[in-house]
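# Working through the structure, step by step
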Amino acid sequence: METVAAGDLVTRAREGDEQAWDDLVDRYLGMVHGICRGHRLGSDDAADVNQVVWLRLVEHLDRIRTPDAVGGWIAATTRNECLRVLRIAGRLVPTGDDAVFDGEPTGRDPGIDTGLLVYERDRALMAAFARLGDRCQKLLRLLMADPVPSYDEIAAALDMPVGSIGPTRGRCLDRLRHLMA
Amino acid sequence: MTDTPAAPPPAPAPDDEQLLSELHRAAALGDPVPDGWRATAREAFAWSAVGGEVARLVHDARSVRDGRVERRLIGSTQRTLRFRSGRGAGGPMVEIELDVGADKVRVTGRLRPPGPAMVVAMSRSGRVPAPAGPDGVFHVDELPRRPFCLLVTGEAVLKTEWVVP
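Residues numbered from 1 in each chain as written. Chains lettered and ligands numbered in written order. Predicted model: local features only at pLDDT ≥ 70, side-chain atom pairs only at ≥ 80, totals over all residues. Heavy atoms only, no water.

## Describing the overall build of chain B
As a reminder of what qualifies: We count a stretch as a helix when DSSP gives it H or I for four or more residues in a row; a strand needs E for two or more, and each element gets its number in order from the N terminus. Between buried and exposed lies partly exposed: a residue is buried under 20% and exposed over 50% of the maximum accessible area for its type, with that area taken using a 1.4 Å probe on protein chains only. Two residues form a contact once any of their heavy atoms are found within 4.5 Å. In short, Shrake-Rupley with a 1.4 Å probe defines the accessible areas, and a residue's cover is counted only from the protein chains shown.
When its secondary structure is counted, chain B shows two helices and nine strands. When its helices and strands are written in sequence order, chain B yields α-α-β-β-β-β-β-β-β-β-β. Looking at chain B as a whole, 44% of its 165 residues are labelled buried. Taking contacts inside chain B between residues at least 6 apart in sequence as the whole, the part at least 24 apart equals 53%. When the accessible area of chain B is evaluated, it comes to approximately 9,000 Å², of which 55% is carbon and sulfur surface.

Shown next, in the form of structure tokens:
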């Protein structure tokens, strides 16, 4: 598949190329959704965050210093807006690192309409997923996005070092296997 | 016996890639990007035509105030935001107090430095004008509780960042 550099899309969008903008949307919309779901926003709040992220990107197109890193900018902006919504609603509960892998689930709503899941295995998988700790859910949500964000983008979305994504991913998947066993 | 379509044998524990691919499929089926998100994101491009220097959000806090409850929306929370345009610490500012109800927002704002201006609250559902007097104070009595920004045309022409109320 031909991959146009994100920086080229930014440059063309700056010049008014709407197709380039649409391509940016197609590339990063799944990531924005994954970050919102990872933060367990309700559907209205998540839709508002989606809208604001893209409006902010339009405002900032001319000022993004590293156009190739636009995905990281989008990831960090989405995360910040999710945290802002949670904070304003008084729902922001800091998660200690101890609770990352084995913690009790911090939310009740796995955010999945299980009625839509056709396969029993999917149902079991998502039920196990909902029992994962907060940070694992956030990370795996991003790895489930389509297309999957780069590690740089994931690092920006989760505010974690790139080097710890791989090991964290492995531990989260181990935990998920354990919950399904 | 080999062709009996019985229950599948217990599957071996999937490796990381398999498991991720299963998660990917389950999420695509059960939790897709909602309808409308793509259109909203694409439409945002049209807003690039709306001009004015962008005043950045530099302060955002829930405010707790006693008294003055008579004008509050029922069940509302209060929030104070400050936007500053990008000319250093001395740049023009917009300060607003949001009175956020279940589905409506009331805005009380002040321009700094003070001065008359036309303020327009913009959202996807329309524009609401709110003139500021010589003291720089303006009011928007009722906005839908959806993302909005303010366009200020006075001595300075600026637009606040978009916010989720």
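## As for the interface of chain A and chain B
Using the following cut-off: Throughout, the accessible surface (probe 1.4 Å) given up by two parts as they are put together, summed over both, is called the buried area. For salt bridges, the criterion is a side-chain nitrogen of Lys or Arg within 4 Å of an Asp or Glu carboxyl oxygen. Think of a polar contact as two N or O atoms within 3.5 Å of one another; within protein, one of them needs to be a possible hydrogen donor and the other a possible acceptor, and neighboring residues in sequence only count if both atoms come from side chains. Each residue gets one label: Ala, Val, Leu, Ile, Met, Phe, Trp, Tyr, Cys and Pro are nonpolar, Asp, Glu, Lys and Arg are charged, and the others, such as Gly, are polar.
With 61 residues of chain A at the interface, the matching set in chain B holds 44 residues. The contact between chain A and chain B buries some 4,700 Å² in all, and 61% of this surface belongs to carbon and sulfur atoms. Inspection of the chain A/chain B interface yields twelve salt bridges. Across the salt bridge formed by Asp22 of chain A and Arg42 of chain B, the nearest N and O atoms sit 3.8 Å from each other. Between the two partners, chain A and chain B, sit 18 residue pairs in polar contact (both at pLDDT 80 or more). The leading source of residues in the side of chain A that touches chain B is helix 3 (residues 43-60) of chain A, at 14 residues. Split by residue class, the side of chain A that touches chain B holds 32 nonpolar, nine polar and 20 charged.

## Some remarks on the side chain of Arg79 of chain B
Summarising the element assignment, Arg79 of chain B is placed in strand 2 (residues 77-85). A polar atom in the side chain of Arg79 of chain B sits 2.9 Å from the backbone oxygen of Val164 of chain B.

## Side note on the confidence of the model for chain B
Residue and element names in this part refer to chain B. Keep this limit in mind: Scored from 0 to 100, pLDDT records how confident the predictor is in each individual residue.
On average, residues of chain B score 83 in pLDDT, and 83% of them are at 70 or above. A low-confidence stretch, residues 65-71 stays under pLDDT 50, and its non-local contacts, those more than four residues away or across chains, total five contacts. On the interface metric, ipTM, the complex scores 0.79, and its pTM is 0.78.

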